[in-house]
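Coordinate inspection notes
Single-letter residue listing:
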Amino acid sequence: LFVDKVHDVVGLYLNPPERAVVLCVDEKSQIQALDRTAPILPMRPGTPERVTHDYKRFGTSSLYAALDVKTGEVIGALHQRHRAVEFKKFLQRIDKTVPAGLDVHLILDNSSTHKTPAIQRWLKTHPRFVLHFTPTSSSWINLVERWFAELTRKLLQRSAHRSVRKLNTDITNWIKTWNEDPKPFTWTKSSDEILESIATRCNATNPSGH
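None of these values were measured; they are calculated from a predicted model.

Criteria and cut-off values
Residues numbered from 1 in each chain as written. Predicted model: local features only at pLDDT ≥ 70, side-chain atom pairs only at ≥ 80, totals over all residues. Heavy atoms only, no water. Helix = DSSP H or I, 4+ residues; strand = E, 2+ residues; numbered from the N terminus. Buried < 20%, exposed > 50% of the residue type's maximum accessible area, 1.4 Å probe, protein only. Contact = heavy atoms within 4.5 Å. Areas by Shrake-Rupley, 256 points an atom, 1.4 Å probe, with all protein chains shown as cover. Pairing = 2+ DSSP bridges. Right-handed = clockwise from strand over helix to strand, strands pointing away. Salt bridge = Lys/Arg side-chain N within 4 Å of Asp/Glu carboxyl O.

What follows concerns the overall build of the chain. The number of helices and strands found in the chain is six helices and five strands. Scanning the chain from its N terminus toward the C terminus, one meets helices and strands in the order α-β-β-β-α-β-α-β-α-α-α. Across the 210 residues of the chain, 36% fall into the buried class. Sequence-distant contacts, at least 24 apart, represent 71% of the contacts inside the chain between residues at least 6 apart. A total of about 12600 Å² of accessible surface is found on the chain, and carbon and sulfur atoms cover 52% of it.

This part takes up unusual backbone geometry. Despite not being glycine, R19 has its phi angle at roughly 50°, a positive value. With respect to the helices and strands, R19 occurs in the loop between α1 (2–14) and β1 (20–36). The backbone phi angle of S137 is positive, close to 55°, even though this residue is not glycine. Turning to its location among the elements, S137 is positioned in the loop between β5 (129–133) and α4 (144–154).

Our focus in this paragraph is the pairing of β5. Pairing between strand β4 (residues 103–108) and β5: five bridges, direction parallel. When the bridges of β5 are listed, I107 appears paired with H132. Between β4 and its parallel partner β5, the chain crosses via helix α3 (residues 117–124), and the hand of that crossover is right-handed.

This part covers the pattern of salt bridges. Tallied over the entire structure, the rule returns seven salt bridges. With its nearest N and O atoms 3.0 Å apart, the salt bridge here joins D170 to K166. Remark: K166 and D170 occur in helix α5 (residues 164–180); sequence separation between them is four residues, near one turn of the helix. By relative accessible area, D170 is classed as buried at 19%. Classification of K166 by relative accessible area gives partly exposed; the value is 40%. Here D181 ties to K183 by a salt bridge, and the two come within 2.7 Å at their closest N and O atoms. Using a relative accessible area of 43% as the deciding quantity, one classes K183 as partly exposed. Shared partners join several salt bridges into a network, and the residues in it are R146, E150, R153 and K154.

Its location among the elements puts I119 in helix α3. By relative accessible area, which is 0% here, I119 ends up buried. The spacing of I119 and F87 is 32 residues in sequence and 8.3 Å in space, taken between C-alpha atoms. For I119, the contacting residues outside a window of four places in its chain are A84, F87, K88, L91, T113 and H114.

Taken by themselves, the reported measurements are silent on function.
This is how it looks when you write it as structure tokens:
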């Protein structure tokens, strides 16, 4: 179903439905609260920033995020675990956040936590939610992964946390700051261009066509 799913997801990016929001959803699990064993030495003229290679671990947290494709705003929720129970709570949070009267199209991966009987029952009672699954092993097509990269580069890689609570506070504050001036990510390639590029690559690596 790779081709069908590419057409489906890219179609939402390039031609979003009216009276609806399109949200890219995923979990960034096992975010570690870490602190270096020695302070980071700041960058100085002629000297790069220096950090130790070893660190102490203080626990983990999991972040659920939903990126609004049109506005760039992010709905986030932090949990200790990432099971169907936590995913259902996140769906409930999205339901409360998105104005009534708008359909909610979610782009997400094929994790088993997204397809449990409890989730299916919840979706039946909330018909405005429509799930669109990305192709297997194709996280590159989910725009929220681009936002996770920003979070990692600008916060997680450059900070230290001695507790999960401090980690969660910093992530929550970073999301609030992001939403004050959100930057949407613009998808440019059509599904046909993507599939043609993949076909070219496949032919180059396997000229026999088998």
